[in-house]
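Structural overview for review
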Amino acid sequence: MTNGQGGEPLGYGVVANVSRETAHGEGGLEIRRGLKHFGPGAKLWIAPHRWHYRGNAVVVGRHRGDGRRYVTLVTRLRHLENFRVRPVHSPALLRALAHPEPGFEHDGGLWEPERAEAYAAFHNSHRLEVRTDGPDPIGAMVSDPPPMELVHGGTTYHLAHFNAYYARYSCQPPPVETPTP
């Protein structure tokens, strides 16, 4: 479907696919195929937003049960992969992106190309939320697997634990094992 102007795009959007396997439950130990409303590999368009939804995004895609119409939902970004920028040609998709369900605060249906590229690049490389034992949250994301050390504000944090959801860092260095004779 085109906008009737010789196939020129109406604008650009950020697209991602639902991961084949998604981690749920405590520590991410329950593995499911896709999501409740979107099957594995489903193409989802991410609506631009004014503020960070703490690991969530407003997405538009075709529902698992009814693939004809677009639905708007909020989903965890960790369940998405292969972020990229694509042209929007469909007026119906543009309407769904521009006018999501009531209560979703966003910046309209289309992305500025530079912002879209930066968003896609960031989410392709940063998959885990950072948690620390320090008094102030860092509010950062790291790659999966996470780095062993993280420096923030002049403090070095050491990886203490990670799972499918987050990487926990500690100000305390890891214990040193003494060699056995």
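Right above here is the structure, for reference.
A brief structural summary.

Conventions and cut-offs
- Residues numbered from 1 in each chain as written.
- Predicted model: local features only at pLDDT ≥ 70, side-chain atom pairs only at ≥ 80, totals over all residues.
- Heavy atoms only, no water.
- Salt bridge = Lys/Arg side-chain N within 4 Å of Asp/Glu carboxyl O.
- Buried < 20%, exposed > 50% of the residue type's maximum accessible area, 1.4 Å probe, protein only.
- Pairing = 2+ DSSP bridges.
- Helix = DSSP H or I, 4+ residues; strand = E, 2+ residues; numbered from the N terminus.
- Axes fitted to C-alpha atoms, helices over the stretch in contact; angles between N-to-C directions.
- Contact = heavy atoms within 4.5 Å.

What follows covers the pattern of salt bridges. Inspection of the entire model under this criterion finds 1 salt bridge. Taking the shortest distance from any N to any O, the salt bridge between E129 and R131 comes out at 3.9 Å. Judged by its relative accessible area of 17%, E129 is buried. Here R131 falls in the partly exposed class, since its relative accessible area comes to 30%.

If you trace the 5 strands from one edge of the open sheet to the other, you get 6-5-4-1-7, paired in antiparallel fashion. Edge positions in the open sheet fall to strand 6 (70-76) and strand 7 (80-88), since each of these has one partner strand only. Each adjacent strand pair in this sheet contributes to an overall mean axis angle of 40 degrees, direction not counted. As paired elements, strand 4 (residues 43-46) and strand 5 (residues 56-62) share 2 bridges and run antiparallel to each other. Residue W45 lies in a different strand from strand 5, and its bridge partner there is V60. Packing against the sheet, helix 1 (residues 91-98) makes contact with strand 4, strand 5, strand 6 and strand 7, and its axis sits at approximately 45 degrees to strand 6. Sitting on the sheet, helix 2 (residues 113-125) is in contact with strand 1 (11-18), strand 4, strand 5 and strand 7, with an inclination near 165 degrees to strand 7.

Any link to function would need more than the numbers given here.
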